[in-house]
Amino acid sequence: MNLVAATTSVPGAWYLAVAAVLFTIGAVGLLSRRNVLVMFMCVELMLNAVNLTFVTFARMLDDIGGQVLVFFTLVVAAAEVVVGLAIIVSIFRGRVEGATADSANILKG
Amino acid sequence: MLGALLTPSAFLAQTDAVTDRIVTPHVDWVAIAPTMILIGGALLLLLASSLLRITRPPKYLYAGSSALIASAAALATEKHWERVRHGRGGAFIANAVKVDGFSVFLTVAICAAIALAALIADDYLRRERLDGVEFYVLALLSGGGGVIMVSANDLIVLFLGLEVLSIALYVLAGSHVRRAESQEAAVKYFVLGAFSSAVFLYGIALTYGATGSTNLGEITNYLSTHVVFGNGLLVAGMALLLVGLGFKIAAVPFHMWAPDVYQGSPTPATGFMAAAAKTAGFAGLLRVFVSAMATQRLDWQPIVWTLAVLSMVIGSVLAVMQTDIKRMLAYSSISHAGFILIGVQAATQDGVSGALFYLMAYTFIVLGSFAVITVVARQGDAAHTLDTYKGLARRQPILALVFTLFLFAQAGVPLTSGFVAKFGVIQAAVDAHSYALAIIAMLSAVVAAFFYLRIIVLMYMADPEADAPPLTIPLGVGIVLVVTVAFTLFAGILPQSLIDFAKSAVLS
């Protein structure tokens, strides 16, 4: 019966704050890093921060819906990885400088 | 309470009572018929071409099939329209999918975009030696995602539709495998698209936290029964949703990707992207903000006002400086997004019907324009400078005449659909007392008219370059031009039936 008392309880807002920090790190990383693969990882970080937000709200609202949404997000993220990596490989195949965004510089004006 | 639940007997008693039987929602197949036809048709097309090992497809086989599938999907909305007319429309499948005039109208627009893009693509793909079924399958899948978006009644369904639409578009943008520009466009579109999707999803999460649901109907209920004022969570959620959708419709300041992606993508894919992605993005914007969050309009209207002004002014001004026709049309599409945002900002019935009319008219105008550009670009898809258009009237008079009509329509000259469309949204702004917005819209339309007229002058007044080869209009593009010209003139001269259709399609 002391199960609840024995565990420390963390307020939901803390999880939300962590998620917001993770999301910001992802967004700033995406906008500042030059390596396309790292930019891609930053997108994943942002999506996982959103997942954490969904789960936290689901728990706070006592609603299973928010947890179900995480599965949808995971599926979409997986589909994006497949297509994104294929595009990255196709553009940077055979380039010596590697997958940097700076080498994608034909289109401008 | 949790402690009591954790004792085995209490836990079992609870589950016995609750999980006697799992009730799944009733799936109303008619409500999702257009999506199922588009996506099922795409998969069938892919399967058939792989099983039959078609390496050199007969002319117009794939384009014809895609156009047929898109027409079937558009015809399937007839059943929806019947429901709406008899007052049996509404939300289906656990309230996730909406069947109303709005979804019917925009589904027809997206299906038209698929069919027209497929017909333009057929000749293009054979000319560029890229013939295969992939382009058509991706366009159908992408259109299927767009149809999911226009009928979404739940934020997560909206997100899934957005992703189905976008992921296929990333591949379409990079589908010219031998052009480095196409690959670069795909990477740029992908990185910024994924970023905007993540922002949009975070907006969904915060809105869910603030209102307790992702269902648009329940959000409306919550907002109308609770006084939500100065709720930081909801405001942040709305802002992020707006940013996410702002990227999709390429509104300033979320437009950076559009010129590069429009320029680099294969020309038929650019046309499809401009028509379908914009339609679906605006559908999301109208459903989320004008319909579900109507009570919070004091929060979002000023932001949409700013986006509209920035898009119109910056889109028009930067378009004047372009020397590449596809970049110019990209900036012009940004400025069109600003005009449609006027209808969103008004947040009235007239505003919504004006935006809907604009989207339908723009679909045909932009696909017709890119059909002309596809022919003029010739093999290699590289001749896109404005100089290429010098003396086009002498090289290919029909093409020049048709392009003139589309440029007039984009500029909003009377007797074209573009005029009726611009008139509709500006009138809605005036009725909603947004006088400043209406005046800025008219001024930026004047700036925009300058660069459309400049191309027309080049086509008719300048001499063609000496080595310019003659141009022939292939059959597929010919059909597209006939259809788009007919629609543009019809909606410009006798707009009443289409206006009535748009008015009956407004969100309740």
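Residues numbered from 1 in each chain as written. Chains lettered and ligands numbered in written order. Predicted model: local features only at pLDDT ≥ 70, side-chain atom pairs only at ≥ 80, totals over all residues. Heavy atoms only, no water.

**Side note on the overall build of chain A**
- Along its length, chain A carries four helices and zero strands.
- Order of helices (α) and strands (β) in chain A, N terminus to C terminus: α-α-α-α.
- In chain A, which comprises 109 residues, the share counted as buried stands at 39%.
- Of the contacts made within chain A by residues no fewer than 6 positions apart, 59% connect residues no fewer than 24 positions apart.
- A total accessible area of about 6300 Å² is found for chain A, and carbon and sulfur atoms account for 69% of it. (Helix = DSSP H or I, 4+ residues; strand = E, 2+ residues; numbered from the N terminus. Buried < 20%, exposed > 50% of the residue type's maximum accessible area, 1.4 Å probe, protein only. Contact = heavy atoms within 4.5 Å. Areas by Shrake-Rupley, 256 points an atom, 1.4 Å probe, with all protein chains shown as cover.)

**Focus: the overall build of chain B**
- Each helix and strand in chain B was counted, giving 21 helices and two strands.
- A globule of 508 residues ought to have a C-alpha radius of gyration of about 23 Å, and chain B, at 23 Å, matches this closely.
- Overall, the C-alpha framework of chain B stretches about 90 × 60 × 45 Å when taken along its three principal axes.
- Evaluated residue by residue, chain B yields a buried proportion of 63% over its 508 residues.
- If you sum the accessible surface of chain B, you get close to 18400 Å²; carbon and sulfur atoms cover 69% of it.
- The distance from the centre of the 28 positive side-chain charges to the centre of the 27 negative ones in chain B is 5 Å. (Rg over C-alpha atoms; globule rule 2.2 N^0.38 Å. Lys, Arg positive; Asp, Glu negative; His and termini not counted. Charge placed at Lys NZ, Arg CZ, Asp CG, Glu CD.)

**Digging into a nonpolar patch on the surface**
All names here are of chain B.
- Together, L415, L489, F490, I493 and L494 make up a nonpolar patch on the protein surface, roughly 470 Å² of accessible area in all.
- Here L415 shows up in the loop between α17 (397-411) and α18 (417-431).
- Classification of L415 by relative accessible area gives exposed; the value is 54%. (Patch = residues over 30% accessible without salt bridge, like charges linked within 9 Å, V, L, I, M, F, W, Y side chains within 5 Å. Salt bridge = Lys/Arg side-chain N within 4 Å of Asp/Glu carboxyl O.)

**Things to note about the layout of surface pockets**
- The calculated volume of the largest pocket comes to roughly 750 Å³.
- Residue assignment for the lining of the largest pocket shows that the elements contributing at least two residues are α4 (65-92) of chain A together with α3 (33-51) and α7 (155-173) of chain B.
- Considered class by class, the residues forming the lining of the largest pocket number 17 nonpolar, eight polar and three charged. (1 Å grid on protein atoms, 1.4 Å probe; cavity = no way out; pocket = protein on both sides within 12 Å on 5 of 7 lines; lining within 4 Å. Points joined across faces, edges and corners; volume = space filled by probe spheres on them. Nonpolar A, V, L, I, M, F, W, Y, C, P; charged D, E, K, R; others polar.)

**Looking at the pattern of salt bridges**
Residues and elements named next belong to chain B.
- Per the counting criterion, the structure on display carries 13 salt bridges over all chains.
- In this structure, the salt-bridge partner of E128 is R127, at a minimum N-O distance of 3.2 Å.
- Residue class for E128 comes out buried when judged on its relative accessible area of 5%.
- Note that E184 and K188 form a salt bridge whose closest N and O atoms lie 2.9 Å from each other. Highlighted residues: E184 and K188, both in helix α8 (residues 180-211), separated by four residues, approximately one helical turn.
- Judged by its relative accessible area of 1%, E184 falls in the buried class.

**As for the packing of aromatic side chains**
- According to the stated counting rule, one finds 19 aromatic pairs over all chains in the structure shown.
- With centroids separated by 6.0 Å and ring planes inclined at 85°, the aromatic side chains of F195(B) and F247(B) adopt a geometry described as edge-to-face. With F195(B) in helix α8 and F247(B) in helix α10 (residues 232-249), the pair connects residues that are 52 residues apart, well separated along the chain.
- Taken together, F40(A), Y170(B), Y189(B), F190(B) and W257(B) form an aromatic cluster joined through their ring pairs. (Phe/Tyr/Trp six-rings, centres within 6.5 Å; stacked < 30°, edge-to-face > 60°.)

**Description of the confidence of the model for chain B**
Residue and element names in this part refer to chain B.
- Residues at a pLDDT of 70 or more form 96% of chain B, whose mean pLDDT is 90.
- Per-residue pLDDT stays below 50 along residues 1-14; that stretch engages in eight contacts with residues further than four places along the chain or on separate chains.
- What the predictor reports for the complex is a pTM of 0.92 with an ipTM of 0.90. (pLDDT = per-residue confidence, 0-100.)

**Regarding empty space enclosed by the protein**
Residues and elements named next belong to chain B.
- Applying the stated criterion across every chain yields a total of five cavities of 30 Å³ or more.
- Computed from the structure, the largest cavity encloses a volume of approximately 70 Å³.
- As for the largest cavity, its lining consists of P57, P58, K59, Y60, L61, Y62, D122, L125, R126, D131, G132 and Y136.
- Counting only elements with at least two residues in the lining of the largest cavity, the list comes to α4 (61-85) and α5 (101-127).
- The element that contributes the greatest number of residues to the lining of the largest cavity is α5, accounting for three residues.
- Among the residues forming the lining of the largest cavity, the class breakdown is seven nonpolar, one polar and four charged.
- As a volume, the second largest cavity reaches approximately 50 Å³.

**With respect to the environment of E82(B)**
All names here are of chain B.
- Position of E82 among the secondary structure elements: in helix α4.
- When its relative accessible area of 30% is taken as the criterion, E82 is described as partly exposed.
- Separated by 260 residues in the primary sequence, E82 and I342 place their C-alpha atoms 31 Å from one another.

**Notes on helix α12 (residues 267-292) of chain B**
- In this model, α12(B) (26 residues) spans 36 Å end to end at C-alpha, consistent with the 38 Å of a helix rising 1.5 Å per residue.
- At L286(B), α12(B) shows its maximal bend, which comes to roughly 25°. (Expected span 1.5 Å × (residues − 1). Bend = angle between axes of the 7 residues up to and from the residue.)

**Observations regarding unusual backbone geometry**
Residue and element names in this part refer to chain B.
- Note that the residue after V252, namely P253, is joined by a cis bond; omega there is 5°.
- Within the secondary structure, P253 is located in the loop between α10 and α11 (257-264).
- For A250, which is not glycine, the phi dihedral falls at a positive 60°.
- Here A250 is to be found in the loop between α10 and α11.
- Unlike most non-glycine residues, L415 shows phi in positive territory, near 75°.

**Quick look at the interface of chain B and chain A**
- Every contact between the two is made by 41 residues of chain B and, on the other side, 41 residues of chain A.
- Of the roughly 3500 Å² buried between chain B and chain A on both sides combined, carbon and sulfur atoms contribute 81%.
- Our count for the contact surface shared by chain B and chain A stands at zero salt bridges.
- Linking chain B with chain A are three residue pairs in polar contact (both at pLDDT 80 or more), by the criterion used here. (Buried area = accessible area lost by both parts, 1.4 Å probe. Polar contact = N/O pair within 3.5 Å; in protein donor to acceptor, adjacent residues only side chain to side chain.)

**A look at the nonpolar core**
- F54(A), M293(B) and L341(B) are the most contacted members of the largest nonpolar core, which totals 224 residues.
- Top element by residues in this core is helix α15 (residues 349-377) of chain B. It accounts for 19 residues.
- Contacts of F54(A), omitting those with residues within four sequence positions, involve G66(A), L69(A), V70(A), T73(A), I156(B), L201(B), I204(B), A205(B) and Y208(B). (Core = buried A, V, L, I, M, F, W, Y, C linked by side-chain atoms within 4.5 Å.)

**Considering the side chain of S49(B)**
- Along the polypeptide, S49(B) turns up in helix α3.
- With sequence-adjacent residues up to four places away left out, S49(B) is seen in contact with I54(B), Y62(B) and V133(B).

**Structural notes on the packing of α7(B) against α8(B)**
All names here are of chain B.
- The N-to-C vectors of α7 and α8 enclose an angle of 175°; their axes lie 9 Å apart at closest approach. The angle between α7 and α8 falls in the class roughly antiparallel. Taken together, the residues of α8 that come into contact with α7 (itself represented by L155, I156, L158, F159, L162, E163, L169, Y170 and A173) are S182, A186, Y189, F190, G193, A194, S197, F200, L201, I204 and T207.
- Per-class residue counts for the contact of α7 with α8 are 15 nonpolar, four polar and one charged. (Axes fitted to C-alpha atoms, helices over the stretch in contact; angles between N-to-C directions. Parallel < 35°, antiparallel > 145°, perpendicular 65-115°, else oblique.)

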